[in-house]
Amino acid sequence: MRNELTNLLPFGRRRAFHREYFLRLGVIAALLTSTLIVAAALLLLPTYVFLQRSFQTKEVRLASIESTLASVSEKKLSDRLAALSADAATLTAIANAPSVSAIIRAVLATARSGVTLSSFDYTPATPGNRGTLSISGTAATRDALRSYQLALQNASFALAADLPVSAYAKDTNIAFTITVTLAP
């Protein structure tokens, strides 16, 4: 025997029955979807509250840091930055300046028979002036003093070696001061 269900309802009633069935099914699906949406929203609520409070805390901290920087700390920071910039400029100038010890070694390496050196006075170069080195000592004779002056004048570190004419007044044991203008 075949299992065929026979529907004895008229066509209009069958359509109404199907329509009512699908309407109930749609209402249940909508109700189930609404329940799932409400449950998901309730489960997201603690995360939202946590993130909102974390954001507010970070905003308060940022405002605190900005107010701290805007007040006295900003002045101190700019003063400190200016001091560090000046120090950096000084260090750069020192790094680019010639070594005084190298200049003194070169002076001592210059031939000086009959000349005894007693003191050195170094003046560093400034933006408007060249550096100078004053060399003091005694010379045994005028010739020894003149040859030492010429040797300094021809040295690679010197542009000029100036000796006052009054230094030649004595014949022996001549005290002198030669001012050497240093090459850049």
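A few points on the structure. Bear in mind the structure is a predicted one, so any value in this text is a computation, not a measurement.

We now examine the nonpolar core. Among the nonpolar cores identified, the biggest contains 23 residues, and F157, F176, I178 and V180 are the most heavily contacted of them. When contributions to this core are tallied by element, the ones reaching two or more residues are α3 (100–109), β1 (115–123), β2 (132–141), α4 (142–153), β3 (158–162) and β4 (172–182). The leading source of residues in this core is β4, at 5 residues. Discounting residues that sit within four places of it in the chain, V180 has contacts with G131, T132, L133, I135, L152, F157, A158, A160 and A161.

Helical periodicity: at 3.6 residues per turn, an α-helix aligns residues three or four positions apart in one direction. Every buried residue belonging to α3 is among I103, I104 and V107, and all of these are buried. One face of α3 carries all of its buried residues, which in axial projection span an arc of 100°. Turned more than 90 degrees away from the buried face of α3, the exposed residues are R105 and A109. In this fold, the buried residues of α3 make contact with β1, β2, α4 and β4.

Now for the sheet that holds β1. The strand order across the open sheet built from 4 strands is β1-β2-β4-β3, with neighbouring strands paired in antiparallel fashion. Looking along the sheet, the strands with just one partner apiece sit at the ends: β1 and β3. Between one strand axis and the next, the sheet turns by 20° as a mean value, whatever way the strands run. Both β2 and β4 contribute to a ladder of 9 bridges, which runs antiparallel.

Moving on to α4. For α4, with 12 residues, the first-to-last C-alpha span of 16 Å sits near the 16 Å given by 1.5 Å per residue. The set of residues buried in α4 consists of A144, L145, Y148, Q149 and L152. Buried residues of α4 fall within an arc of 135° about the axis and therefore sit on the same side. Buried residues along α4 sit against α3, β1, β2, β3 and β4.

Parameters and conventions
- Residues numbered from 1 in each chain as written.
- Predicted model: local features only at pLDDT ≥ 70, side-chain atom pairs only at ≥ 80, totals over all residues.
- Heavy atoms only, no water.
- Core = buried A, V, L, I, M, F, W, Y, C linked by side-chain atoms within 4.5 Å.
- Buried < 20%, exposed > 50% of the residue type's maximum accessible area, 1.4 Å probe, protein only.
- Helix = DSSP H or I, 4+ residues; strand = E, 2+ residues; numbered from the N terminus.
- Contact = heavy atoms within 4.5 Å.
- Arc of directions from axis to C-beta.
- Pairing = 2+ DSSP bridges.
- Axes fitted to C-alpha atoms, helices over the stretch in contact; angles between N-to-C directions.
- Expected span 1.5 Å × (residues − 1).

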